[in-house]
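As a plain string of letters, each chain reads:
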Amino acid sequence: MGNIAETETNGAFAGLRDRIARAYPELSPQLRAIAEFSIQNADTVAVETAQQLAKRIGVPPSSMVRFAQTLGYAGFNELKRDFRDNLVYRMGEIREREAISAHPASGAIAVADALMSEARRDLDRLFKELDRKQFDRAVIELVRADRIHVLAQQTSFALGCIFHATALSLGTPTNMLDEAGSFFSRQIELLGMEDAILAISFAPYQTSVVRGAKLHAARGGIVVAVTDNVLSPLAAIARVTIETPQRSPIAAHPLVIGTCVLQALAIAVNETRPSESR
């Protein structure tokens, strides 16, 4: 019974997040700020009052009510109930974090302990929350593409290299797109319509990655995105989006979950390719 309840709760919350993403482009600046905060801080929305949240976000309390009504709720408390139900699902993770915090290590090893604990929670959350249908769709799009081009910059470039290196080691042809020589836009323009761009970017989103993905998508090309949430500019562009679960990071970037997702993606693409293509 517990598993059924967890599935229903997360399904309802996933539906709420989809509604926020669909409404987001038409929202006022104040309501956009609430949407962004809600997506990135779901646990806080679950426990704080409308007044407390409004103060955090820097909007009038009445805007919290308008935000809820825009999404089809009678008022803010009804919206908050869905966030609270999602928090119940996540209580195990929160208890684990509190237990670790109650017995902190000291000295230099505390840094390693903190990062390892955070990585373990990341992987546990990824296992629970990864949208497996979207992952399968992403594999299908990449397999049927004539060629895969990886588009990532700054910290995400390391994740792009992980996909690229894994794919090449398994015999899947891929190409890294970069801005060397200022030929970036021309590189994108010369891609075929059946070529796929694997665009990887997390907040703060790299302008060149979003621009390149948008250019290819506008021409009818395949774009598969790996990004952090449904309000990412890549999610609005991509044919398929693999969303990494949110967390409160110690590190500045979700490298652990990104590494797992992209390495798994490269392996799955190789295993799904027709045997004569390997």
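Residues numbered from 1 in each chain as written. Predicted model: local features only at pLDDT ≥ 70, side-chain atom pairs only at ≥ 80, totals over all residues. Heavy atoms only, no water.

Comments concerning the overall build of the protein
Quick reminder of the rule: Helix and strand definitions here come from DSSP, where helices need a minimum of 4 consecutive H or I residues and strands a minimum of 2 consecutive E residues; each element is numbered from the N-terminal end. Only protein chains enter the accessibility calculation, which uses a 1.4 Å probe; a residue whose area is less than 20% of its type maximum is buried, one above 50% is exposed, and one in between is partly exposed. By the convention used here, residues are in contact when the closest approach between their heavy atoms is within 4.5 Å. Accessibility throughout is a Shrake-Rupley quantity obtained with a 1.4 Å probe, and a residue counts as covered only by protein chains that appear here.
What the protein contains, in helices and strands, is 14 helices and five strands. Residues counted as buried form 45% of the 278 residues belonging to the protein. For the protein, the proportion of contacts with a sequence separation of at least 24, taken over those separated by at least 6, is 70%. Counting every atom, the protein has about 14000 Å² of accessible surface; 56% of that belongs to carbon and sulfur.

Describing helix H12 (residues 207–218)
The line we're drawing: Helix span, as expected, comes to 1.5 Å for every residue beyond the first.
Helix length check: H12 (twelve residues) gives 16 Å between terminal C-alpha atoms against 16 Å at 1.5 Å per residue, within 8%. Turning to H12, its buried residues number three or more, namely Ser 208, Val 209, Val 210, Gly 212, Ala 213 and His 216. Those residues of H12 that are buried are in contact with strand S1 (148–152), helix H11 (184–189), strand S3 (196–200), strand S4 (222–227) and helix H13 (233–237). A positive phi of about 95° marks Gly 220, the residue just after H12.

Points about unusual backbone geometry
Most peptide bonds take the trans configuration, and most residues that are not glycine carry a negative phi. Residues Ala 203 and Pro 204 are joined by a peptide bond in cis, for which omega reads 0°. Here Pro 204 shows up in the loop between S3 and H12.

Some words on the environment of Asn 77
Inspection of the secondary structure puts Asn 77 in helix H6 (residues 76–89). Judged by relative accessible area, Asn 77 falls into the exposed class, the value being 61%. It is 8.6 Å that separates the C-alpha atoms of Asn 77 and Val 65, two residues lying twelve residues apart in sequence.

A look at the side chain of Thr 166
Which entries qualify depends on this criterion: Any pair of nitrogen or oxygen atoms within 3.5 Å is treated as a polar contact; in protein, a donor-acceptor pairing is required on top of that, and neighbouring residues in sequence qualify only through side-chain atoms on both sides.
Within the secondary structure, Thr 166 is located in helix H10 (residues 155–170). Looking at Thr 166, its side chain comes within polar contact range of the main-chain oxygen of Ile 162, at 2.7 Å.

Structural notes on the side chain of Thr 174
Summarising the element assignment, Thr 174 is placed in strand S2 (residues 174–177). Residue classification places Thr 174 among the buried residues on the basis of a relative accessible area of 5%. At a separation of 2.5 Å, a polar atom in the side chain of Thr 174 contacts the side chain of His 164. Beyond its immediate chain neighbours, meaning those up to four positions away, Thr 174 contacts Arg 147, Ile 148, Phe 163, His 164, Ala 167 and Leu 168.

Regarding the confidence of the model for the protein
Short version of the rule: Known as pLDDT, the predictor's confidence for each residue is given on a scale from 0 to 100.
Counting all residues, the mean pLDDT for the protein is 83, and 83% of those residues have values of 70 or more. Mean pLDDT in the protein bottoms out at helix H7 (residues 91–102), which sits at 56, and peaks at S3, which reaches 96. Across residues 1–9 the pLDDT falls below 50, and counting only partners more than four positions away or on other chains, this stretch makes four contacts in the model. Below a pLDDT of 50 lies the segment residues 248–252, which in the model reaches six contacts outside its immediate sequence neighbourhood of four places, other chains included.

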